[in-house]
Amino acid sequence: MTLVATAEATTRVSGPVPSIPDYGPATRPNMVAVGTMVWLASELMFFAALFAFYFSLRGHLPEMWRTETELLNVPFAFGNTIVLVVSSVWCQLGVWKAEAGQVARTGSLLKFKEWGMREWYVLTYIFGSIFIAGQVYEYAHLVAEGVTLSTNSYSSIFYLATGFHGMHVTGGLIAFLLIIGRTFTTRRYTHLQETGAVVTSYYWHFVDVVWIALFAMIYLLK
């Protein structure tokens, strides 16, 4: 009797993993998505250090902040922020199309409801590029006013915080190009391509949220 019970306990049932009530199938999570989240968590700590650096300098040099922040063009930066926020909306629409397996549009270019992942990601790329162009324009204006990376402590942390974020946005734009380009080079849409599109959206939403925090810190809490 004991031998039978032991044999039954050690027997593995072949086939799909059974579902757990109210929790869905008990399957292994996507390792690419998990790895991306862990990496984004480390990036979050990097930006947290920049935030701490900014507020530490501001606490020790309040007079500098009162004079230097007057050169910031808050309405222009707000408009640029709206562009980046809207790009996240387009990105998420592209994700839903990727999860549905629709790579490209199925109708006219003017019928947005029939767009696929490719069209929404191209629109996301355009809005992201506009944001970077706006940031370059703002830098050119500040440099013309004599505010450079080495001018003072305020300009140094301003360029470091916004510049590193701009580099992350540029990295996201490169990732979008790779995702879009892959849709043209492969004949069959695979699960790997879907995963790449989804984790790229994780990254893009991340840089979006970080910029909202940077905008509030630099432009609103002057």
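Everything here concerns the structure above.
Computed from a prediction, not measured in an experiment: that's the story for all the values here.

### Focus on the overall build of the chain
- Of regular secondary structure, the chain possesses 7 helices and 2 strands.
- In sequence order, the secondary structure elements of the chain are arranged as α-β-β-α-α-α-α-α-α.
- Burial status across the chain gives 39% buried among its 222 residues.
- Look at the contacts in the chain between residues 6 or more apart in sequence, and 75% of them connect residues 24 or more apart.
- Split by element, the accessible area of the chain, about 13,000 Å² in all, is 69% carbon and sulfur.

### What to know about the pattern of salt bridges
- Considering all chains together, one arrives at 1 salt bridge under this definition.
- The partner of glutamate 63 in a salt bridge is arginine 66, and the shortest N-O contact between them spans 2.6 Å. Of this pair, glutamate 63 and arginine 66 both sit in helix α3 (residues 62-68), 3 residues apart, roughly one helical turn.
- When its relative accessible area of 54% is taken as the criterion, glutamate 63 is described as exposed.

### Let's talk about the packing of helix α2 (residues 31-60) against helix α6 (residues 153-185)
- With their axes 10 Å apart at the nearest point, α2 and α6 run at an angle of 165° to one another. When the axes of α2 and α6 are compared, the pair comes out roughly antiparallel. The hand of the α2/α6 crossing is left-handed. Residues Glu43, Phe46, Phe47, Leu50, Phe53, Tyr54 and Leu57 of α2 lie in contact with α6, whose contacting residues are Ser153, Tyr154, Ile157, Leu160, Ala161, Phe164, His165 and His168.
- Its residues placed into classes, the contact of α2 with α6 shows 11 nonpolar, 3 polar and 1 charged.

### Here we look at the environment of valine 199
- By secondary structure assignment, the location of valine 199 is in helix α7 (residues 191-220).
- Classification of valine 199 as buried rests on a relative accessible area of 12%.
- Each C-alpha atom, one on valine 199 and one on glycine 35, is 9.5 Å from the other, the two residues being 164 residues apart in sequence.

### Re the nonpolar core
- Ranked by internal contacts, the top residues of the largest apolar core, which has 44 residues, are Tyr121, Phe158, Trp204, Ile218 and Tyr219.
- Among the elements of the structure, α2, α4 (74-99), α5 (117-144), α6 and α7 are those that each provide at least two residues to this core.
- Apart from the residues within four sequence positions on either side, isoleucine 218 is in contact with Tyr54, Leu72, Tyr154, Phe158, Ala161 and Thr162.

### A look at the environment of alanine 100
- Looking at the element boundaries, alanine 100 is found in the loop between α4 and α5.
- Put simply, alanine 100 and glycine 116 are 16 residues apart on the chain and 9.3 Å apart in space, counted from C-alpha to C-alpha.

### Section: the environment of threonine 162
- Mapped onto the elements, threonine 162 comes out in helix α6.
- For the pair threonine 162 and isoleucine 218, spaced 56 residues apart in sequence, the C-alpha separation works out to 9.2 Å.
- Other than its neighbours up to four places away in sequence, threonine 162 contacts Gln135, Tyr139, Trp211 and Ile218.
- Only 2.7 Å separates the side chain of threonine 162 from the backbone oxygen of phenylalanine 158, close enough to count as a polar contact.

### Structural notes on the packing of aromatic side chains
- A complete count under the given rule lists 23 aromatic pairs for this structure.
- Note on tyrosine 54 and tryptophan 65: the rings are 5.4 Å apart at their centroids and 75° apart in plane angle, and the pair reads as edge-to-face. Note that tyrosine 54 is positioned in helix α2 and tryptophan 65 in helix α3, a separation of 11 residues in sequence. Each member of the pair, tyrosine 54 as well as tryptophan 65, is classed as buried.
- Centre to centre, the rings of tryptophan 90 and tryptophan 120 are 5.6 Å apart; their planes meet at 25°, and the pair counts as stacked. Pair noted here: tryptophan 90 is in helix α4 and tryptophan 120 is in helix α5, with a separation of 30 residues, a long-range link.
- Linked through ring pairs, Tyr54, Phe55, Trp65, Phe78, Phe131, Tyr139, Tyr154, Phe158, Tyr159, Trp211, Phe215 and Tyr219 together constitute an aromatic cluster.
- Over the ring of phenylalanine 184 we find arginine 118; its NZ or CZ atom is 3.9 Å from the centre of that ring.

### Brief notes about α5
- Its 28 residues give α5 an end-to-end C-alpha distance of 41 Å, which sits within 8% of 40 Å, the value for a rise of 1.5 Å per residue.
- With its phi angle positive at about 90°, glycine 146 sits one or two positions after the end of α5.

Reading guide: rules and limits
- Within each chain, residue numbers correspond to sequence positions counted from 1 in written order.
- In keeping with the model being predicted, local features are shown solely for residues with a pLDDT of at least 70 and side-chain atom pairs are shown and tallied solely at 80 or more, while totals for entire chains, interfaces and linings include all residues.
- With hydrogens and water stripped out, all remaining heavy atoms of the structure feed into the side-chain values.
- The way it works is that DSSP assigns letters per residue, a run of H or I at least four long becomes a helix, a run of E at least two long becomes a strand, and they are numbered from the N terminus.
- Per-residue accessibility, obtained with a 1.4 Å probe over protein chains only, is compared with the maximum for each type, and a residue is labelled buried under 20%, exposed over 50%, and partly exposed between these values.
- In this description, contact between two residues means that some pair of their heavy atoms is separated by no more than 4.5 Å.
- Accessible surface is estimated by sampling points in the Shrake-Rupley manner with a 1.4 Å probe; for residues, cover comes only from the protein chains shown.
- For this document, the term salt bridge refers to a Lys or Arg side-chain nitrogen within 4 Å of an Asp or Glu carboxyl oxygen.
- All axes are obtained by fitting lines to C-alpha atoms, using only the stretch in contact for helices, and the reported angles, taken between N-to-C directions, cover 0 to 180 degrees.
- The cut-offs work like this: below 35 degrees is roughly parallel, past 145 is roughly antiparallel, 65 to 115 is roughly perpendicular, and the gaps in between are oblique.
- By definition, any crossing whose near helix is turned counterclockwise from its far helix by less than a right angle is left-handed, and any crossing with a clockwise turn is right-handed.
- Gly is placed with the polar residues, together with every amino acid not listed as nonpolar (Ala, Val, Leu, Ile, Met, Phe, Trp, Tyr, Cys and Pro) or charged (Asp, Glu, Lys and Arg).
- Joining through side-chain atoms within 4.5 Å is the link that ties buried Ala, Val, Leu, Ile, Met, Phe, Trp, Tyr and Cys residues into a set, and such a set is a nonpolar core.
- Residues adjacent in sequence count toward polar contacts only when both atoms are side-chain atoms; beyond that, a polar contact is any pair of N or O atoms within 3.5 Å, and within protein one must be able to donate a hydrogen and the other to accept it.
- A pair of aromatic rings is counted whenever rings of Phe, Tyr or Trp (Trp by its six-membered ring) have centres within 6.5 Å, and the orientation is called stacked for planes under 30 degrees apart, edge-to-face for over 60 and tilted otherwise.
- Each ring is checked for a lysine NZ or an arginine CZ that lies within 6 Å of its centre and within 35 degrees of its normal; such an atom marks a charge sitting over the ring.
- Helix span, expected: 1.5 Å multiplied by one less than the number of residues in the helix.

Read these as layout, nothing more, since geometry by itself doesn't imply function.
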